[in-house]
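Coordinate inspection notes
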Amino acid sequence: MIESLYIGATGLHTHKTQIDLISNNLANVATPGFKKDRVSFQDLMYSNSIASNEVENAPNAQTRVGYGTTISSAEKVFDLGELKRTDRALDVAIRGKGFFEVNLPNGEKAYTKAGVFAINEDGSLITASGYEVSSNLQIPTDATEMVVKENGEVLVRVADEVDPINIGSVELADFVNPSALNPLGDNLYEQTEHSGSAYFGTPGENGFGKLAQGFVEVSNVSFVEEMTNLVVAQRAYEINAKLIQAADQILSITNDLRR
C-alpha cells in the first residue's frame, strides 16, 4: 500500500509538468516564431511481488508491479507555423527548415525562427530583442529600400544609384536533431550534444526553406488542441490525487483494525 502512495505521487509530478508545458504553449499562442512543447511519458521499472492469491500449485507465485510513471522527454516541435503577411521589409519568415543564427553578448551563438528584424546604428540586422544576426550584411544609412530574395540575397536601393546594390546574403542554419535544442527564451535556442552541431546552407537549397520577405511565422500552437490536452492532463492529475486519497483511506482502515 505504501507503493500506491509513491506511484500516485509520480503521476502527480509528471502531469503537473505536462500542465505547466501546456500552459506555456497557450501563453505563447500569439508569439511570432514560437514552437510548442510536447511531453512524452514512460513507465518506471518493475519489480517482483508475492501474489496475494497464491494457489496450491504455485505457492511462490509472483506478479510484476510497476512503480508509476515519469517523463521520458519534453521537446520542442518545429512544425511550420502559419505565415502571416505584414508587408514590412524587415519581417522575414522561413518557409520550411532552417534557423537564423544570432550572436549573444557572451560571444556564443544562438538560433531563432522569429525573423522580426530591425537595423541598429551600425547598419547590422538585429532581432526584436536586440541580438545581432550573424551575417556580413551592412545596410547603408542612406538605403531607401531593402529586398530579401527567396535564396537569401539582400539588395538595397540608395539615393545615388539607379540599380539596387547586392550587399550580401543571409544563410540558414539547421541541425540533425533540432528537437533536442535547448530553449533560452526570447525565441532563441542553443545547440546541445544531442542536437548536433549547426550546419549551414543557402535558403531554398539542400533541404533548407526559402525566405519570405514581408511575412512572419506565427506560433505553431493550436489553441483547440492545447485546450483539449489541458483538460486531459487535469483529469489525469485528479485521478492520481484520488489514488493517493484511496491509499490513505485503506491505510487508515488498516490501522483502526489493530486497535
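Throughout this description, residue numbers start from 1 for each chain and increase along the sequence as written. Predicted model: local features are reported for residues with pLDDT of at least 70 only, side-chain atom pairs are reported and counted for 80 or more only, and whole-chain, interface and lining totals are derived from all residues. The basis for the side-chain values is all heavy atoms of the structure; hydrogens and waters are excluded.

Our next topic: empty space enclosed by the protein. One simple way to see leftover space: roll a probe sized like a water molecule over the atoms. Two kinds of site are reported from a 1 Å grid over the protein atoms alone, namely cavities, where a 1.4 Å probe fits but cannot get out, and pockets, open sets with protein on both sides within 12 Å along at least five of seven lines, and residues are called lining when an atom falls within 4 Å of a point. Grid points are joined across faces, edges and corners, and a volume is the space filled by probe spheres set on the points. Scanning all chains against the criterion turns up one cavity of 30 Å³ or more. Estimated volume of the largest cavity: approximately 80 Å³. Around the largest cavity, the lining residues are Leu90, Val92, Phe100, Phe117, Leu125, Leu137, Met146, Val148, Val154, Val170 and Leu211. Residues are grouped as follows: Ala, Val, Leu, Ile, Met, Phe, Trp, Tyr, Cys and Pro are nonpolar; Asp, Glu, Lys and Arg are charged; every other residue, Gly included, is polar. Of the residues contributing to the lining of the largest cavity, the split by class is eleven nonpolar, no polar and no charged.

This brings us to the sheet that holds strand β13 (residues 153-158). Each strand in a sheet pairs with another by means of backbone hydrogen bonds, the pair being arranged parallel or else antiparallel. Strand order in the open sheet formed by three strands is β12-β13-β14, with antiparallel pairing between adjacent strands. In this open sheet, the two edge strands, each paired with only one partner strand, are β12 (143-148) and β14 (165-169). Averaged over neighbouring strand pairs, the angle between their axes works out to 25 degrees when direction is ignored. The criterion for strand pairing is that DSSP finds at least two bridges linking the strands in question. Secondary structure counts use DSSP, requiring at least four H or I residues in a row for a helix and at least two E residues in a row for a strand, with both numbered from the N terminus. Angles run from 0 to 180 degrees between N-to-C directions of axes, and those axes are lines fitted to C-alpha atoms, restricted for helices to the stretch in contact.

A separate point is the packing of aromatic side chains. Only the six-membered ring of Trp is used, alongside the rings of Phe and Tyr, when aromatic pairs are assigned; centres must lie within 6.5 Å, and planes under 30 degrees apart are stacked while those over 60 apart are edge-to-face, with the rest tilted. Under the defined criterion, the tally for this structure stands at seven aromatic pairs. Note on Phe78 and Tyr189: the rings are 5.3 Å apart at their centroids and 70 degrees apart in plane angle, and the pair reads as edge-to-face. With a gap of 111 residues between them, Phe78 in the loop between β4 (69-76) and β5 (83-85) and Tyr189 in strand β17 (residues 188-190) connect regions that are remote in the sequence. For the residue pair Phe78 and Tyr189, the accessibility class agrees, reading buried in each case. Through a chain of ring-to-ring contacts, the aromatic side chains of Phe78, Phe99, Tyr111, Phe175 and Tyr189 assemble into a single cluster. We count a charge as sitting over a ring when the NZ of a lysine or the CZ of an arginine lies within 6 Å of the ring centre and within 35 degrees of the ring normal. Residue placement shows Arg95 over the ring face of Phe215; its charged tip is 5.1 Å from the ring centre. Here the guanidinium or amino end of Lys113 rests over the ring plane of Phe99, the centre of that ring lying 5.3 Å away. Each residue is assigned to one of three classes by its accessible area relative to the maximum for its type, calculated with a 1.4 Å probe on protein chains only: buried under 20%, partly exposed between the two thresholds, exposed over 50%.

With that out of the way, let us pick up a negative patch on the surface. Patches here are clusters of residues that have more than 30% relative accessible area and form no salt bridge, with a 9 Å joining cutoff for like charges and a 5 Å cutoff for nonpolar side chains (Val, Leu, Ile, Met, Phe, Trp, Tyr). Accessibility throughout is a Shrake-Rupley quantity obtained with a 1.4 Å probe, and a residue counts as covered only by protein chains that appear here. The term salt bridge refers to a pairing of a side-chain nitrogen on Lys or Arg with a carboxyl oxygen on Asp or Glu at a separation within 4 Å. When charges are counted, neither His nor the chain ends are considered; positive counts come from Lys and Arg and negative counts from Asp and Glu. Charged groups are reduced to one reference atom each: NZ for lysine, CZ for arginine, CG for aspartic acid, CD for glutamic acid. Negative charge collects at one region of the surface, where Asp142, Asp160, Glu161 and Asp163 lie side by side. The residue Asp163 is located in the loop between β13 and β14 in this model. When its relative accessible area of 54% is taken as the criterion, Asp163 is described as exposed.

This part is about the pattern of salt bridges. Following the criterion strictly, the structure yields twelve salt bridges and no others. Between Glu225 and Lys36 there is a salt bridge, and its shortest N-O distance comes to 3.6 Å. Of this pair, Glu225 sits in helix α2 (residues 223-257) while Lys36 sits in the loop between α1 (2-27) and β1 (37-43), placing them 189 residues apart in sequence. Assessed through its relative accessible area of 37%, Glu225 is described here as partly exposed. Assessed through its relative accessible area of 13%, Lys36 is described here as buried. When the shortest N-O distance is used, the salt bridge between Asp91 and Arg88 registers 2.6 Å. Given the relative accessible area of 34%, Arg88 is considered partly exposed.

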